[in-house]
Amino acid sequence: MKKLVILISILFAFFVSNAQCIDPPTLTLSSNAGEVCGTNAGTISGNTFGGSATEVNLSHDGSGTLDATTFTSSPFDFTYTPDAADAGNDVIITITTDNPEGAPCVPAEETYTLTVYPVPNVVAGSNSPVCAGEDILLTESGGDAVAWSWTGPGGFTSLNQNPTTTAANGTYTVEITDANGCTNTDNVVVTVNAAPPTPTVNTDCSGGADNGIITVTSPTGAEYEYTIDGTYQASTSFGPLADGSYNVTVMNTTTGCINEGSVIDLDCSGCANPPTLTLSSNASEVCGTNAGTISGNTFGGSATEVNLYHDGYGTLNANNFTTSPFDFTYTPDAADAGNDVIITITTDNPEGAPCVPAEETYTLTVNPLPQQVVVLNDPSNGILETGNTGEISLSASETETVYWVTMGAAIFTGETAGNGASLSLGNNYPAGTFDVWSSNEFGCELLQGSVTFVEDNGNNKLTVNIT
């Protein structure tokens, strides 16, 4: 009997050790590894379990969270949201099925490795505040980037790490990308301060030679300081100064922005209040006998009036002005064409020697109009037979001159360059009135003439050809 028991035990152990799992649990992940940046969530989709398994359970060794730790239907997706403490580490997520049939079946298990890269460090900076007209230097100094993308006011963009741009107020944003493909952004607000107004001054020579005083009249106020030699002062006056040339620079002490005025020629060698004269410009051009007006001219100092004369054949609207500012107009004569007319403007000198009158010259270039030529039309009587069109031509033409034809306000025939001989302007003109224009190398225009074509209705008797 004892031998029988031993035999049965041996047979039971044999069969148990060689038993097979008929329906083992199965588990398949769509992938076994992935990457995220910072606290961006990572989702793994399309995972499946089967066989005898009825659910899966998930665990992880990170500091973040899973959206769920148990799934009872297949396929299934799971999402891991890293904590900041996960940055720079691999988080191992373990997925295990249940095993409802027990031994000899065993649960199925897979692991998923999620690499959590740290968010790259980004630090945007600039040389703000800056003054109008200065350049903005933008900087990114985080140290992690391999690529940069800047945007800013006025459509500004740059792929440089530290770009330079023309000063414009506003917010500039940089997005960086590191070697892991992770991104981060930062911005910097740039302030552009306006320059102070250009300084204006008065001079005082009452102290005589080498004892002049320069006084700033604008801008003034507690926020401004001034210099003529690099050392700033709150006072608006400089002197006594030796005769010579000076520049006054004004600085806004709040912003540090500066503006430099025009050169001041200080000459106090006997004339305490010299006459002054300033023209708004010293040259311009007109065509033919078209008048030229020069506005916004000024005189001052001890001067009480200005007198004008010229070397041309035309006329000035006035030869004397007693108020400032003043405007003057020169109307050329036909004989001025092709020449420069010099207009001389001179102040009076009521204080006498050693003061002297101030004087300026204005050069008016009088460009010639295109040469007048004869406009011809064919048919010469301007009457078009039914279905026909007319031709317009010129008896002669100038080189460096172009000719075109308009009908009303619209161009009918485009520009044709002159060749120094007779010139056809086309033969496709229907009934109507056409103006023939010309423009020379100086940009001066002349209406050469007009042509009218009419259709023949059997009653036309009048020859139409106006040039």
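For the structure, see preceding data.
Read on for a plain summary of the structure. All values reported here derive from a predicted model rather than from experimental measurement.

A count of helical and extended segments in the chain gives one helix and 43 strands. Computed over C-alpha atoms, the radius of gyration of the chain comes to 47 Å, more than 25% over the 23 Å expected from 2.2 N^0.38 for 467 residues, which places it beyond the range of a compact globule. Taking the principal axes of its C-alpha atoms as reference, the chain extends roughly 155 × 95 × 30 Å. When each of the 467 residues of the chain is scored for burial, the buried share is 35%.

Moving on: the sheet that holds strand 41 (residues 423-424). Taken together, three strands build an open sheet; the order of strands is 36-38-41 and the sheet is antiparallel. With one partner strand each, in any of the chains shown, strand 36 (375-378) and strand 41 form the two edges of the open sheet.

Considering all chains together, one arrives at 13 aromatic pairs under this definition. Following the ring pairs from residue to residue traces out a cluster consisting of Phe 49, Phe 71, Phe 76, Phe 78 and Tyr 112.

What follows deals with the state of the cysteines. Summed over all chains, the structure comprises five disulfides. Covalent S-S linkage joins Cys 37 and Cys 182, the inter-sulfur distance amounting to 1.8 Å. Handedness here is read from the sign of the S-S torsion; for Cys 37 and Cys 182, about -80 degrees, the answer is left-handed. Of this pair, Cys 37 sits in strand 2 (residues 33-37) while Cys 182 sits in the loop between strand 16 (170-177) and strand 17 (183-190), and the two are 145 residues apart along the sequence. Here Cys 287 engages in a disulfide with Cys 444; their sulfurs sit 2.0 Å apart. Of note, the bridge from Cys 287 to Cys 444 carries an S-S torsion of about -80 degrees and is left-handed in sense. You can see Cys 287 sitting in strand 28 (residues 283-287) and its partner Cys 444 sitting in the loop between strand 42 (432-439) and strand 43 (445-455), a full 157 residues away along the chain. Residue class for Cys 444 comes out buried when judged on its relative accessible area of 0%.

Calculation criteria
Residues numbered from 1 in each chain as written. Predicted model: local features only at pLDDT ≥ 70, side-chain atom pairs only at ≥ 80, totals over all residues. Heavy atoms only, no water. Helix = DSSP H or I, 4+ residues; strand = E, 2+ residues; numbered from the N terminus. Rg over C-alpha atoms; globule rule 2.2 N^0.38 Å. Buried < 20%, exposed > 50% of the residue type's maximum accessible area, 1.4 Å probe, protein only. Pairing = 2+ DSSP bridges. Phe/Tyr/Trp six-rings, centres within 6.5 Å; stacked < 30°, edge-to-face > 60°. Disulfide = S-S within 2.5 Å.

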